[in-house]
There are 4 protein chains.
Amino acid sequence: MEIVNFKSVVSKYKAVFFDAYGVLKNHKGILPGVQNTFDYLIENNIDYYILTNDASRSPIRLAEGYQANGITAITPDRMISSGMLAREYLQYKVKKGTVAYLGTSGSAHYIETTGLKTISISEVQLDYVDELEAIVFLDDEGFNWNTDINKIINILRRKNMPVIVANTDISYPVNKNEISIAVGALADMVEEIIGKTFIRFGKPDAQMFMFAYEQVMAKNYISKDEILMVGDTLRTDIIGGNKFGLDTVLVLTGNIMPDQAEMKIASTGIIPNYVCESVVI
Amino acid sequence: MEIVNFKSVVSKYKAVFFDAYGVLKNHKGILPGVQNTFDYLIENNIDYYILTNDASRSPIRLAEGYQANGITAITPDRMISSGMLAREYLQYKVKKGTVAYLGTSGSAHYIETTGLKTISISEVQLDYVDELEAIVFLDDEGFNWNTDINKIINILRRKNMPVIVANTDISYPVNKNEISIAVGALADMVEEIIGKTFIRFGKPDAQMFMFAYEQVMAKNYISKDEILMVGDTLRTDIIGGNKFGLDTVLVLTGNIMPDQAEMKIASTGIIPNYVCESVVI
Amino acid sequence: MEIVNFKSVVSKYKAVFFDAYGVLKNHKGILPGVQNTFDYLIENNIDYYILTNDASRSPIRLAEGYQANGITAITPDRMISSGMLAREYLQYKVKKGTVAYLGTSGSAHYIETTGLKTISISEVQLDYVDELEAIVFLDDEGFNWNTDINKIINILRRKNMPVIVANTDISYPVNKNEISIAVGALADMVEEIIGKTFIRFGKPDAQMFMFAYEQVMAKNYISKDEILMVGDTLRTDIIGGNKFGLDTVLVLTGNIMPDQAEMKIASTGIIPNYVCESVVI
Amino acid sequence: MEIVNFKSVVSKYKAVFFDAYGVLKNHKGILPGVQNTFDYLIENNIDYYILTNDASRSPIRLAEGYQANGITAITPDRMISSGMLAREYLQYKVKKGTVAYLGTSGSAHYIETTGLKTISISEVQLDYVDELEAIVFLDDEGFNWNTDINKIINILRRKNMPVIVANTDISYPVNKNEISIAVGALADMVEEIIGKTFIRFGKPDAQMFMFAYEQVMAKNYISKDEILMVGDTLRTDIIGGNKFGLDTVLVLTGNIMPDQAEMKIASTGIIPNYVCESVVI
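Here goes a summary of the coordinates provided.

**Some thoughts on the pairing of strand β1 (residues 15-19) of chain D**
Residues and elements named next belong to chain D.
And step 1. With five of its five residues buried, β1 lies for the most part within the structure.
And step 2. Taking every second residue as pointing to the same face, both faces of β1 are buried, with Ala-15, Phe-17 and Asp-19 on one and Val-16 and Phe-18 on the other.
And step 3. Bridge analysis of β1 against strand β4 (residues 47-52) gives five bridges, and the strand direction is parallel. Residue Phe-18 lies in a different strand from β4, and its bridge partner there is Ile-50.
And step 4. In this structure, β1 lies alongside strand β13 (residues 227-231), joined through four bridges in parallel fashion. Note on β13: the bridge partner recorded for Ala-15 is Ile-227.

Below, the structure written as structure tokens:
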């Protein structure tokens, strides 16, 4: 397996999509030198977006995390999150009424910008579920797991309504050695018990890539094979990018250790076009 | 679909295995008239056992629940629980050292009768996991779901050890209209995230039926087809009984409403030998 | 559950996407009266496309089936098939070389219009797999199941390459009472054995709806909620349409009997905006 | 990971259960030196059984394969096959009538020793399915995959009856480099399509270990932890043995290469008591 220089790869494309965690940042913060990469993209007129399975805050809040660390190139209009897709779903399909959510009140504020009312699952009264139009899983924080996850099940037994999972991830790193259960895994558990089919947004699903592609196309016509997807995870970033028709780069700064990359590509059959050590150039 | 009288069925067998919830009791308590059934069994020399996916307490505590309600026929030696199988596993395979558990301290006391030390997951220090020999999921109560389920994942990332799930159920009824997530579903979620294979005890697994069959055989030689398994759930009681070679009765006092039985049998392909309204005779 | 008239529903939209089997036709052929529906759409300037999980032939051949039965409104440019998505993937991601296929030679001809060479799995020599760039599952006919499905497994053990499944369906009706295994189920079996991740095209995946939406948008700007998706299957047509942001109609001329619709919607949690008897108006 | 000598391990036990393929034999035949191992067991009064997921022939035929190669210690009474469990199921649960089978006529002969009639799926007339009492998956050979697997689905749509899968394996090796789909994978595919629950026999299911344990106990009382299970596959032999309460040895002559063993044990969480190069002593 050949490891190539990221600059030599990215220079051949007209746009780049980056995964966030494991690619631009890790448990210590933004990878040192990432600003150089964005300087290079801007100088060379290469368009870029950040695609993240994160519904815990709005694009504005997501971008602030980069801006505060000196990465001024990452503005809110560059962020594509699974939360934006969930919000779009609610706009098209629910339109009015109240949506019950699992997550922090911060995660719900972004949903409210659609004009929908939101209510935390903890505040729902089982006898008043008729007012609810949908349930949305936003974040693994901001609620009591035991009482509120059980409550979702009993709400769904009383009223049939769509359930939206705004983050397909099942875990996320909290520090060098530890991970935490993500809201996608909580949703999988509820779905298994209740036996209904939920609607999920996030990589590797094509809708995430399409959303970013539409932003690119609004500026210039670019063919899918002129776009590069950069990620650290085979089963979300790389297979999602491949399936959408993009060329793909696996970087070794996140999920996959350098000595495992060849074996993981062989065992999963998920084959990136390139492998690079990192996006730093 | 013919619904037959339970007495006419059970009179043909030498032993009966009963599921507990949905068969002998429901959310209101013991079904009225159940004592008559046990009187009939005793008079007619038909042996009986209760098979339950419950690891939250010992056979003594499980039997007390019936005794306190006047069902004196159900003594601790008549109870076969998935917790007993988990306890047996630890006896044969772990033998000494400390086992970390998810559940109440009551559920752990029963494990301690093996001579093993137990420690609640909440008290485990991540830097001292080397002392642990196994993890056991006992009950959905007695701990903080958020912190303690996450902690299990991080313990397993530090030390490879067997994980025992002492109850395969994914939910249980708490009252007429509401259900609650059972510890089996929490274990399924952790297993999905950590990617390891856990060891599960409980119906429909053959080991549960075998444990009961050994009790029967210790008294008299009885062929498997002289034993009747009675349950309210197709995918645990009935398929488990069928696979073990027992004849099976579906009763309509629990999971399955009378008007759904025919459709559920057809759609699952899990076919009881008989359908009865209830075990009351 | 209210059953409404299709005309009263469709008149409110600017475009309609139809599933094919169970909606426009069944085992007896085209539903009588379907031409009236298309006459109405054309008169009222409502755009329309047929979305089908069928990779066994090209859009031209698919349209011929309707034309030959007098439905002249269905021209090749109205057909959106999962085979077209598979073809697009190969164009963007494989570009040159040889693709091995499972299916009839007819299904492979359409792939060859990309300029790629194709070879039937039956003709692949295990010692010459280095020449292959991808494997594609096109159809359940045209090969020996025993030898050729086994051969795919052994090809993939020799060379790691992408595997494309051009039809996600697991079965299809062959007459009033009988169904047949579809190529999607054969692919599921191979994926389970080989442990690799395949790339699948077809409803309910968003890419199928996006492909159709791009055709609509090339003519006029239409918002997603001005498009109606019509299908007979909850877990492909309806959930796929809902997730993409379209309004949805369940028709009762295919998979779901009129007396089951309410129960199936309740048990799956997949909720169409409308239920109509059929598309015939 | 310490690799220990098999003799030093086995000498501590009163009985041993061996997996067949990958332990006693491989694609070249019986491992050279295996007879010495059995000589040692016999001299030291250590009881032994062969546990195999094979329903393609009777114990007599299975033993002949060893006898013909000079391993006279392996007599029919030493063989425990998943086919024997399927046969026992039919004896207890079906008792009379006709069973349709997928497999060779040789595999069916063994079923007929119960007194049941058998008919190959290929000979079943769809209009006469009422005569059938059960369907059994015996072997991946002896039938036309395309027509006969499709026929099973349509038989089950006409009549609800138990389906028995007499081999849980999904693949088996045919030579050094190639594998073949096993009947367990064909059954998984049919089960997925028809949506019914089949009854499966074979490791890692406890019933297989129990069957062998009953043979041991018929001669002498031996505690479970005085029995050693020897296998080459973590997810069948080792987890099955562990769960049943046996001590376990992973040997490196089959599924798992010596340089992968440590990683596979860590990633699966399936932990044998010992790792040995082979059973040859």
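**Remarks on the packing of aromatic side chains**
All names here are of chain A.
And step 1. Applying the stated rule across the entire model yields 32 aromatic pairs over all chains.
And step 2. Ring centres 6.4 Å apart and planes at 50 degrees place the aromatic pair Phe-6 and Phe-18 in the tilted group. Placement of Phe-6 in helix α1 (residues 6-10) and of Phe-18 in strand β1 (residues 15-19) is noted, with a sequence separation of twelve residues between them. The same class applies to Phe-6 as to Phe-18, namely buried.
And step 3. Sitting above the plane of the Phe-244 ring, Lys-224 keeps its charged end 4.0 Å from the centroid.

**Focus on the sheet that holds strand β12 (residues 199-200) of chain D**
All names here are of chain D.
And step 1. The parallel open sheet is built from five strands, whose spatial order is β7-β6-β8-β9-β12. The two strands at the open ends of the sheet, each matched to only one other strand, are β7 (117-120) and β12.
And step 2. Strand direction decides the pairing type here: strand β8 (residues 132-137) and strand β9 (residues 163-165), joined by three bridges, are parallel. Within β9, the residue paired with Ile-135 across the bridge is Val-163.
And step 3. Across the face of the sheet, helix α4 (residues 82-93) comes into contact with β6 (98-102), β8, β9 and β12 while running at roughly 155 degrees to β9.

**What about the interface of chain D and chain B?**
How large an interface is tends to be reported as the accessible area lost when its parts come together.
And step 1. Between chain D and chain B, the contact holds 38 residues from the first and 38 residues from the second.
And step 2. Carbon and sulfur atoms supply 51% of the area that chain D and chain B bury against each other, a total of about 3,000 Å² over both sides.
And step 3. Considering only the surface of chain D that becomes buried against chain B, Tyr92(D), Lys93(D) and Lys243(D) emerge as the three largest contributors, covering 23% of it.
And step 4. Seen at the junction of chain D and chain B, the total is eight salt bridges.
And step 5. Linking Lys93(B) and Asp247(D) is a salt bridge whose minimum nitrogen-to-oxygen distance equals 4.0 Å.

**Observations concerning the environment of Gly231(B)**
Residue and element names in this part refer to chain B.
And step 1. Summarising the element assignment, Gly-231 is placed in strand β14 (residues 227-231).
And step 2. For Gly-231, a relative accessible area of 0% puts it in the buried group.
And step 3. Gly-231 sits 212 residues away from Asp-19 along the chain, and the two C-alpha atoms are 5.1 Å apart.
And step 4. Those residues within four positions of Gly-231 in sequence are excluded, and the remaining contacts are Asp-19, Val-23, Asp-237, Ile-238, Val-249, Leu-250 and Val-251.

**Focus: the interface of chain C and chain A**
And step 1. Counting residues at the interface gives 38 residues for chain C, matched by 38 residues for chain A.
And step 2. It is Tyr92(C), Lys93(C) and Lys243(C) in chain C that bury the most area against chain A; as a group they hold 23% of the surface buried on that side.
And step 3. At the junction of chain C and chain A, the tally comes to eight salt bridges.
And step 4. On inspection of chain C and its partner chain A, the count reaches 18 residue pairs in polar contact (both at pLDDT 80 or more).
And step 5. Secondary-structure elements contributing two or more residues to the side of chain C that touches chain A are α4 (82-93), β12 (199-200), α8 (206-219), α9 (234-244), β14 (247-251) and α10 (261-268) of chain C.
And step 6. Classifying every residue of the side of chain C that touches chain A by side-chain character gives 16 nonpolar, twelve polar and ten charged.

Rules used in this analysis
- Residues numbered from 1 in each chain as written.
- Chains lettered and ligands numbered in written order.
- Predicted model: local features only at pLDDT ≥ 70, side-chain atom pairs only at ≥ 80, totals over all residues.
- Heavy atoms only, no water.
- Buried < 20%, exposed > 50% of the residue type's maximum accessible area, 1.4 Å probe, protein only.
- Helix = DSSP H or I, 4+ residues; strand = E, 2+ residues; numbered from the N terminus.
- Pairing = 2+ DSSP bridges.
- Phe/Tyr/Trp six-rings, centres within 6.5 Å; stacked < 30°, edge-to-face > 60°.
- Lys NZ or Arg CZ within 6 Å of the ring centre and 35° of its normal.
- Contact = heavy atoms within 4.5 Å.
- Axes fitted to C-alpha atoms, helices over the stretch in contact; angles between N-to-C directions.
- Buried area = accessible area lost by both parts, 1.4 Å probe.
- Salt bridge = Lys/Arg side-chain N within 4 Å of Asp/Glu carboxyl O.
- Polar contact = N/O pair within 3.5 Å; in protein donor to acceptor, adjacent residues only side chain to side chain.
- Nonpolar A, V, L, I, M, F, W, Y, C, P; charged D, E, K, R; others polar.

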